[in-house]
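What follows is the residue order along each chain.
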Amino acid sequence: MKDLNSILDNQRAKFREVFKYSVNELQKRIDEIKPSGVEGDIFSEFPTESSGRKWQTDVLNMLENDISKDIYLKFNEILAERKNYHCNCCATCCNLACSEFSPDELKSRAENGDNFAKQFLSIFVPYKTKEEARKVYPEYIALLEQNKEDDVYFYHCPKLTADKKCSDYENRPQICRDFPDNPLTLLPSVCGFCEWKNENEQMTLLLHAMIEIVEYYKEKIPV
Ligand code: SF4
Ligand code: SF4
């Protein structure tokens, strides 16, 4: 429990750090293309046809065409590296899947075309009680409790055999093949993707921070 908690605390602290760093770096890039003689910052109101307005348009283009594209490419690079790592068949993610959605909510999402919900429901069934889930991964449940994450539903896959094998391996859905699809996912220490997570966590945090900051600028620049 202590380990998972410190991993999460560490991740939050790193995010705060990379967020501040990213704000400064982006501001530098914005200032680098600021035309001389323009008074005011990127959020100021400038008259149409002014150099200030042109600067704002250039910044929006840079955010949209350069920075957002770079973020997308970097995410893809990280995902591509994942193929160098392999599942150790510890079965934790088959035995305990968490969702913010109840079975009924998932059903309604699936009926409305949500492909993830559809796949999820094709394999997972809910645990009857949280205590059942706790037996599988006590540290994870304790972590959620400690962080007051109360609205979480716990599921498991009945296709998992007693000797921790997938009884329908060839037909397992894409969500099983893709797990974990993000280096920020909390993983048991035995997971074969921990190294991938550790190597890419910092960059993924940076990319998430950049997405938030880019969205903020796009919304606040008055063009
Ligand atoms: S279908 Fe197989 S791989 Fe997917 S969760 Fe179930 S047991 Fe695990
Ligand atoms: S937690 Fe990791 S190692 Fe364990 S079954 Fe899932 S993907 Fe494989």
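Here the residue numbering is sequential within each chain, running from 1 through the sequence in written order. By the order in which they are written, chains take letters starting at A while ligands take numbers starting at 1. Only residues with pLDDT of at least 70 get local features here, since the model is predicted, and only at 80 or more are side-chain atom pairs given and counted; chain-wide, interface and lining totals rely on the full set of residues.

1. A few points about the overall build of the protein
Part 1 of the argument: Secondary structure elements are taken from DSSP: a helix is a run of H or I of four residues or more, a strand is a run of E of two residues or more, and numbering for both begins at the N terminus. A tally of helices and strands in the protein yields nine helices and three strands.
Part 2 of the argument: On the principal axes, the C-alpha backbone points of the protein span a range of 70 × 40 × 35 Å.
Part 3 of the argument: Burial is judged by counting the other C-beta atoms within 10 Å of a residue's own C-beta: 20 or more makes it buried, 12 or fewer makes it exposed, and any count in between marks it as partly exposed, with every C-beta position built from the backbone. Across the 223 residues of the protein, 16% fall into the buried class.
Part 4 of the argument: We call two residues in contact when their backbone-placed C-beta atoms lie within 7 Å. For the protein, the proportion of contacts with a sequence separation of at least 24, taken over those separated by at least 6, is 70%.

2. Comments concerning helix 9 (residues 194-220)
Part 1 of the argument: Helix length check: helix 9, at 27 residues, gives a terminal C-alpha distance of 38 Å against a target of 39 Å (1.5 Å per residue), a fit within 8%.
Part 2 of the argument: What the bend at a residue measures is the angle between two axes, fitted to the seven residues ending there and to the seven starting there. In helix 9, a bend of some 50° at N200 exceeds every other bend along the element.
Part 3 of the argument: Within helix 9, the full set of buried residues consists of W196, K197, N200, E201, T204, L205, L206, A209, M210 and Y217. Expected span of a helix: the number of residues minus one, times 1.5 Å.

3. Observations regarding the site of ligand 1
Part 1 of the argument: All residues in the neighbourhood of ligand 1 are listed as C94, I123, C157, K159, L160, C166, D168, R172 and C176.
Part 2 of the argument: Looking at the shell around ligand 1, its residues break down into six nonpolar, no polar and three charged. Any residue whose C-beta atom, as set from the backbone, lies within 6 Å of a molecule or strand is reported as near that molecule or strand. Residues are grouped as follows: Ala, Val, Leu, Ile, Met, Phe, Trp, Tyr, Cys and Pro are nonpolar; Asp, Glu, Lys and Arg are charged; all remaining types, including Gly, are polar.

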